[in-house]
Amino acid sequence: MSKRLKLTKKALSLLMGNVFISAETIKQKRSFNTPRADMTKTLKKLSHIKIDYVDNREVIVLNQKNDTQPRLIYIHGGAYVNDLIKPHWDMIEYLIKKADCCVIVPIYWLAPRSSFDGELPFILNVYEIYGKSDCFIAGDSAGAGFSLAFTIYLRNQHKPLPKSVFLFSPWLDVTMTNPDIKALEKDDIMLAADGLIWCGEQWAKERATTDPLISPIYDELNDLPALYIYQGTADIFLADVKKFDEKIKTTNTPCQTKIYQDGFHVFMGATFLPESRQVLDEVADVIQRK
């Protein structure tokens, strides 16, 4: 672990606090109606920015230059109940600079206003309009879970698959029943199982929380495009990432999993850290090569 990662983790623990301790804590935080973080000034200067509307939802298209450019659909995290925050824009900005790709950011409606079934048609339309079946998909946390679930849906429907899927600290099982989670909670400065269970139930709505489109770890995981998983050890999602990694080794899906010592949840969003840059540089390299 770099010294900067250690200091950043300590600062975040003091500044943020864990808002996922319970459903009531999450509801209280959401009652303040925290607005979506604005794009960084440098991102605004860097990118060609276009805002479209699909199914009455915003789609933000950044750095679109030509049809030959690599395209990346980025699905943001936030436990399915929270909007984009500044670190999401920081990651997007870094990837645009490094890979010179066009990034498409679908602004899906959050739970409990909506759910997976409510947002699936929107993401599918975004994929078919902007992805043109030869794009990449990336997401963090819940957005990573949604990215993988959507890819599973595409496979099930025999639709063209993305080139690769990048998963940053993915939420792979909303049931939070892995017994190894409890031991990890003491070192996680952001997440707690009890509150996340409520978030997952809101996203699932009428579906079982063990449905693979809600919790991708329950899928058989064959016939998917290449997956790239990046995970820290100071994160309760580590338990299911390890379980997922063991399971996918028995399938025909190529998957690379990299685990960073003492990395906090979605540490990639702290783009000033060497560990974050290592992850994002690798993602950019994959995008440029394919």
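Residues numbered from 1 in each chain as written. Predicted model: local features only at pLDDT ≥ 70, side-chain atom pairs only at ≥ 80, totals over all residues. Heavy atoms only, no water.

Visitor: Describe the overall build of the chain, with residues and values.
Guide: A tally of regular secondary structure across the chain gives 10 helices and 8 strands. Against the globule reference of 19 Å for 290 residues, the chain gives a C-alpha radius of gyration of 17 Å, in line with a compact fold. Taken along its principal axes, the extent of the C-alpha atoms in the chain is 50 × 40 × 40 Å. A separation of at least 24 residues holds for 79% of the contacts in the chain among residues at least 6 apart in sequence. Surface accessibility of the chain: about 12300 Å² in total, with carbon and sulfur atoms responsible for 52%. (Helix = DSSP H or I, 4+ residues; strand = E, 2+ residues; numbered from the N terminus. Rg over C-alpha atoms; globule rule 2.2 N^0.38 Å. Contact = heavy atoms within 4.5 Å. Areas by Shrake-Rupley, 256 points an atom, 1.4 Å probe, with all protein chains shown as cover.)

Visitor: Please give an account of the confidence of the model for the chain that cites residues and values.
Guide: Residues of the chain with pLDDT of at least 70 account for 94%, and the chain-wide mean is 93. The spread of mean pLDDT over the elements of the chain runs between helix α2 (residues 23-30), the lowest at 69, and strand β6 (residues 164-168), the highest at 99. (pLDDT = per-residue confidence, 0-100.)

Visitor: Which residues make up the packing of aromatic side chains, and what values do they have?
Guide: Geometry of an aromatic ring pair is reported as the spacing of the ring centres plus the angle between the planes. Taken as a whole and assessed by the stated rule, the structure comprises 14 aromatic pairs. Aromatic ring contacts, followed pair by pair, group Tyr80, Tyr108, Phe116, Phe146, Trp171, Trp203 and Phe237 into a single cluster. (Phe/Tyr/Trp six-rings, centres within 6.5 Å; stacked < 30°, edge-to-face > 60°.)

Visitor: Run through the side chain of Lys9, naming residues and quoting values.
Guide: Its location among the elements puts Lys9 in helix α1 (residues 3-15). Residue classification places Lys9 among the buried positions, given a relative accessible area of 13%. A polar atom in the side chain of Lys9 sits 2.9 Å from the side chain of Asp187. Excluding residues that lie within four positions of it along the chain, Lys9 makes contacts with Asp187, Ile189, Ala234, Asp262 and Phe264. (Buried < 20%, exposed > 50% of the residue type's maximum accessible area, 1.4 Å probe, protein only. Polar contact = N/O pair within 3.5 Å; in protein donor to acceptor, adjacent residues only side chain to side chain.)

Visitor: Before we move on, could you go through the packing of helix α4 (residues 86-99) against helix α10 (residues 274-289) and cite the residues and values that matter?
Guide: Orientation of α4 relative to α10, taken along the N-to-C sense of each, is 45°, at an axis distance of 9 Å. Put simply, α4 runs oblique to α10. Read as a crossing pair, α4 and α10 show a hand that is right-handed. Contact residues: α4 offers Met91, Tyr94, Leu95, Lys98 and Ala99, while α10 offers Arg277, Leu280, Asp281, Val283, Ala284, Ile287 and Gln288. A per-class count over the contact of α4 with α10 returns 8 nonpolar, 1 polar and 3 charged. (Axes fitted to C-alpha atoms, helices over the stretch in contact; angles between N-to-C directions. Parallel < 35°, antiparallel > 145°, perpendicular 65-115°, else oblique. Left-handed = near helix turned anticlockwise from the far one by under 90°. Nonpolar A, V, L, I, M, F, W, Y, C, P; charged D, E, K, R; others polar.)

Visitor: How would you summarise the pairing of strand β4 (residues 102-106) if you had to cite specific residues and measurements?
Guide: Taken across its 5 residues, β4 has 5 buried, putting it largely inside the fold. Here β4 shows a buried face lined by Cys102, Ile104 and Pro106 and a second buried face lined by Val103 and Val105. As judged from the 4 bridges shared by strand β2 (residues 57-62) and β4, these two strands associate in the antiparallel manner. Looking at the pairing, Val59 lines up with Pro106 of β4. Sheet analysis places strand β3 (residues 71-75) next to β4, joined by 3 bridges and oriented parallel. (Pairing = 2+ DSSP bridges.)

Visitor: Provide a residue-level description of the pairing of strand β7 (residues 226-234), including the pertinent values.
Guide: Of all the 9 residues making up β7, 9 are buried; the element is thus mostly covered by neighbouring parts of the structure. As judged from the 5 bridges shared by β6 and β7, these two strands associate in the parallel manner. Paired with Phe168 across the strands is Tyr230, a residue of β7.

Visitor: Before we move on, can you summarise the packing of helix α5 (residues 116-131) against helix α6 (residues 142-156) with the specific residues and values?
Guide: At a minimum axis separation of 11 Å, α5 and α6 run at an interaxial angle of 75°. The orientation of α5 relative to α6 falls into the category roughly perpendicular. Every residue of α6 that contacts α5 at Phe116, Glu119, Leu120, Ile123, Leu124 and Tyr127 is listed here: Phe146, Ala149, Phe150, Tyr153 and Leu154.

Visitor: I'd love a proper account of the pattern of salt bridges, names of residues and values included.
Guide: Tallying each qualifying case throughout the model produces 20 salt bridges. The partner of Lys44 in a salt bridge is Asp38, and the shortest N-O contact between them spans 2.8 Å. The salt bridge partner of Asp219 is Arg155, with a shortest N-O separation of 2.8 Å. You can see Asp219 sitting in the loop between α8 (193-204) and β7 and its partner Arg155 sitting in helix α6, a full 64 residues away along the chain. Like Arg155, Asp219 is buried. Residues participating in the shared-partner salt-bridge network are Arg36, Glu58 and Asp83. (Salt bridge = Lys/Arg side-chain N within 4 Å of Asp/Glu carboxyl O.)

Visitor: How would you sum up the sheet that holds β6? Please name residues and give values.
Guide: Ordered in space as β1-β2-β4-β3-β5-β6-β7-β8, the 8 strands form an open sheet in which the pairing is mixed. What marks the edges here is a single partner per strand, and that holds for β1 (49-54) and β8 (255-264). The mean inter-strand angle of the sheet, taken between neighbouring strand axes irrespective of direction, is 20°. As paired strands, β1 and β2 are joined by 6 bridges and run antiparallel to one another. When the bridges of β2 are listed, Tyr53 appears paired with Glu58.

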